[in-house]
Amino acid sequence: MTRRTAVVAGTATAVSNRVSRRQAGRWAEQDAQAYEQHVAAAPVPPPAPTQPPPSGDMSSRIAQLKELGALKEQGILTEAEFTEQKSRIPNS
């Protein structure tokens, strides 16, 4: 009689564990599908703002670039300094 009880209890435990694992797998699959739907429904962020139009006129920028070029030709500015100063001029 004890053996029979042990066999029935062991079988019940095995079946219960299998059902629990199968149910946990289904829940995990449902969670994954819900996550994918949530991500797909998320709004797309707006594009990054573009640079505003230049504040000064083109002739002043050209004059500044010419001055920097002359200073570089005279050896007063190095290539690195010239590049740095040129990057400070808007839209250069």
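What this report covers is the structure whose coordinates are included nearby. (Residues numbered from 1 in each chain as written. Predicted model: local features only at pLDDT ≥ 70, side-chain atom pairs only at ≥ 80, totals over all residues. Heavy atoms only, no water.)

## Section: the overall build of the protein chain
Then comes step 1: For the protein chain, the helix and strand inventory stands at three helices and zero strands.
Then comes step 2: Along the chain direction, N to C, the helices and strands of the protein chain fall in the order α-α-α.
Then comes step 3: Surface exposure of the protein chain reaches about 8200 Å², of which carbon and sulfur atoms provide 59%. (Helix = DSSP H or I, 4+ residues; strand = E, 2+ residues; numbered from the N terminus. Areas by Shrake-Rupley, 256 points an atom, 1.4 Å probe, with all protein chains shown as cover.)

## Side note on the pattern of salt bridges
Then comes step 1: Counted according to the given criterion, the structure contains two salt bridges.
Then comes step 2: Note that Glu79 is salt-bridged to Lys72, the shortest N-O span being 2.7 Å.
Then comes step 3: The class for Glu79 is partly exposed, based on a relative accessible area of 45%.
Then comes step 4: As a salt-bridge pair, Glu84 and Arg88 come within 2.7 Å of each other at their nearest N and O atoms. Here Glu84 pairs with Arg88, and both are found in helix α3 (residues 79-88), just four residues apart, close to one helical turn. (Salt bridge = Lys/Arg side-chain N within 4 Å of Asp/Glu carboxyl O. Buried < 20%, exposed > 50% of the residue type's maximum accessible area, 1.4 Å probe, protein only.)

## As for the packing of aromatic side chains
Two numbers describe a pair of aromatic rings. These are the distance of the centres and the angle of the planes.
Then comes step 1: Summed over the entire model, instances satisfying the criterion amount to zero aromatic pairs.
Then comes step 2: We note Lys72 situated over the ring of Phe82; from NZ or CZ to the ring centre the distance is 5.0 Å. (Phe/Tyr/Trp six-rings, centres within 6.5 Å; stacked < 30°, edge-to-face > 60°. Lys NZ or Arg CZ within 6 Å of the ring centre and 35° of its normal.)

## Thoughts on the environment of Phe82
Then comes step 1: As for its position among the elements, Phe82 is in helix α3.
Then comes step 2: Distance from Phe82 to Gly69, taken between C-alpha atoms, is 7.7 Å for residues 13 residues apart in sequence.
Then comes step 3: Residues in contact with Phe82, not counting those within four places in the same chain, are Leu68, Gly69, Lys72 and Leu77. (Contact = heavy atoms within 4.5 Å.)

## So, the packing of helix α2 (residues 58-73) against α3
Packed helices, taken two at a time, are described by the angle their axes make and the gap between the axes.
Then comes step 1: Their axes nearest at 10 Å, the elements α2 and α3 cross at an angle of 170°. It follows from the interaxial angle that α2 and α3 lie roughly antiparallel. Contacts between α2 and α3 involve Leu65, Leu68, Gly69 and Lys72 from the first element and Glu79, Phe82, Gln85 and Lys86 from the second.
Then comes step 2: Among the residues forming the contact of α2 with α3, the class breakdown is three nonpolar, two polar and three charged. (Axes fitted to C-alpha atoms, helices over the stretch in contact; angles between N-to-C directions. Parallel < 35°, antiparallel > 145°, perpendicular 65-115°, else oblique. Nonpolar A, V, L, I, M, F, W, Y, C, P; charged D, E, K, R; others polar.)

Note that all results are geometric; they support no functional claim without further evidence.
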